[in-house]
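What the coordinates show
Below are the chains, spelled out letter by letter.
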Amino acid sequence: MSEVKLAASVRTQFGKGAARSVRRDGLVPGVIYGHGSEPVHVTLPGHELLLALRTPNVLLSLDIDGKHELAIPKAVQRDAIKGFLVHVDLLLVKKGEKVTVELPVETEGDLAPGSFLVENVLNTLSVEAEATHIPTSVTVSIAGLEAGNSIHAKDVKLPAGTTLVTDAEAVVIQILAAQAEEPAAEAEAEGAEA
């Protein structure tokens, strides 16, 4: 789990015009909430935040005008065309606190010989982990699997200190047989005979 330090400042102006002005300055507007406290509207450095968000479930150590807080990203809004950050919602966390997050599912290994396809039914798994020790992903071995095999959520080996929230019987990955297409010439000949 990586921890990224960012400097944030409290925002006093709100609305579209104020948000556009903040973005023109290379900053991103955001809201920090949680633990029953009032939401705090902040501005964060855009480039540093963009780099930090490349890591799933990154832990952010925020310096908000001299006050230190830990937070994880809860919702990130991006511009649909250009992809820049528009707004971010952050959830306050404390060391030792358990949080529910989505972990990306990665596969490793080679399937059994033959024409098989891997279908990722679930791209993420919901798990509960300590806020300061959130894993970046879970890895599932597909080595030697063939058509008809599937891996359920309960079969996925989770990192230590992590518990599964997703339904244990949910299919995460299934292996399918590749279907060969008929050659175009044969299909046309069959169509002409009919």
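Residues numbered from 1 in each chain as written. Predicted model: local features only at pLDDT ≥ 70, side-chain atom pairs only at ≥ 80, totals over all residues. Heavy atoms only, no water.

Some thoughts on the overall build of the chain
Rules: In this description a helix means any DSSP run of H or I spanning at least four residues, a strand means any run of E spanning at least two, and both kinds are numbered starting from the N terminus. Two things to know: the radius of gyration comes from C-alpha atoms, and the globule rule equals 2.2 Å times the number of residues to the power 0.38. All accessibility values rest on the Shrake-Rupley procedure with a 1.4 Å probe; residue burial counts only the protein chains present in the view.
Scanning the chain from terminus to terminus reveals 3 helices and 13 strands. For the chain, the C-alpha radius of gyration of 23 Å lies well beyond 16 Å, the compact-globule estimate for 194 residues. For the chain, the spread of C-alpha atoms along the three principal axes comes to 75 × 45 × 25 Å. Total accessible area on the chain is roughly 11,500 Å²; 51% of this is exposed by carbon and sulfur atoms.

Focus: the sheet that holds strand 7 (residues 98-108)
Let me state the cut-off plainly: Any two strands with at least two DSSP-identified bridges between them are counted as paired.
In spatial order, the strands read 10-7-9-12; together these 4 strands make up an open sheet with mixed pairing. The open sheet has two free edges, formed respectively by strand 10 (138-141) and strand 12 (163-164), since each of these has just one partner strand. Of the pairings in the sheet, the one linking strand 7 to strand 10 comprises 4 bridges and is parallel in character. Bridge pairing in strand 10 places Glu-106 opposite Thr-139.

So, the pairing of strand 6 (residues 85-93)
Test applied: Only protein chains enter the accessibility calculation, which uses a 1.4 Å probe; a residue is then buried when its area is under 20% of its type maximum, exposed when over 50%, and partly exposed in between.
In terms of burial, strand 6 is largely enclosed, as 8 of its 9 residues are buried. Where strand 5 (residues 67-78) lies against strand 6, 8 bridges are found, and the strand directions are antiparallel. Across the sheet, Arg-78 pairs through a bridge with Leu-85, a residue of strand 6. Following strand 5, the chain reverses through 6 residues before pairing antiparallel with strand 6; Gly-83 in that reversal takes a positive phi of roughly 80°.

Quick look at the pattern of salt bridges
Rules: The term salt bridge refers to a side-chain nitrogen of Lys or Arg lying within 4 Å of a carboxyl oxygen of Asp or Glu.
Scanning the entire structure with this criterion turns up 2 salt bridges. As a salt-bridge pair, Lys-67 and Glu-69 come within 3.3 Å of each other at their nearest N and O atoms. A relative accessible area of 53% places Lys-67 in the exposed class. By relative accessible area, which is 21% here, Glu-69 ends up partly exposed.

Observations concerning unusual backbone geometry
Peptide bonds are mostly trans, and most non-glycine residues show a negative phi. Within the chain, Asp-65 stands out as a residue other than glycine whose phi angle is a positive 50°. Residue placement: Asp-65 occurs in the loop between strand 4 (59-64) and strand 5.

Comments concerning the sheet that holds strand 3 (residues 37-45)
Spelled out, the test is: Interaxial angles span 0 to 180 degrees and are taken between N-to-C directions of axes, which are lines fitted to C-alpha atoms, for helices over the stretch in contact. Two residues form a contact once any of their heavy atoms are found within 4.5 Å.
Taken together, 6 strands build a closed barrel; the order of strands is 1-3-2-6-5-4 and the barrel is mixed. When the angles between neighbouring strand axes are averaged without regard to direction, this sheet yields 45°. Inspection of the sheet shows strand 2 (residues 27-34) paired to strand 3 by 7 bridges, in the antiparallel sense. The partner of Pro-29 across the bridge, within strand 3, is Thr-43. This element, helix 1 (residues 16-24), spans strand 2, strand 3 and strand 6 of the sheet and lies at about 120° to strand 2.

Let's talk about the pairing of strand 9 (residues 124-130)
Here 7 bridges tie strand 7 to strand 9, and the two strands are oriented antiparallel to one another. Along strand 9, the bridge assignment pairs Lys-98 with Glu-130. Pairing analysis gives 2 bridges linking strand 9 to strand 12, with the strands arranged antiparallel. What sits directly across from Glu-128, in strand 12, is Thr-163.

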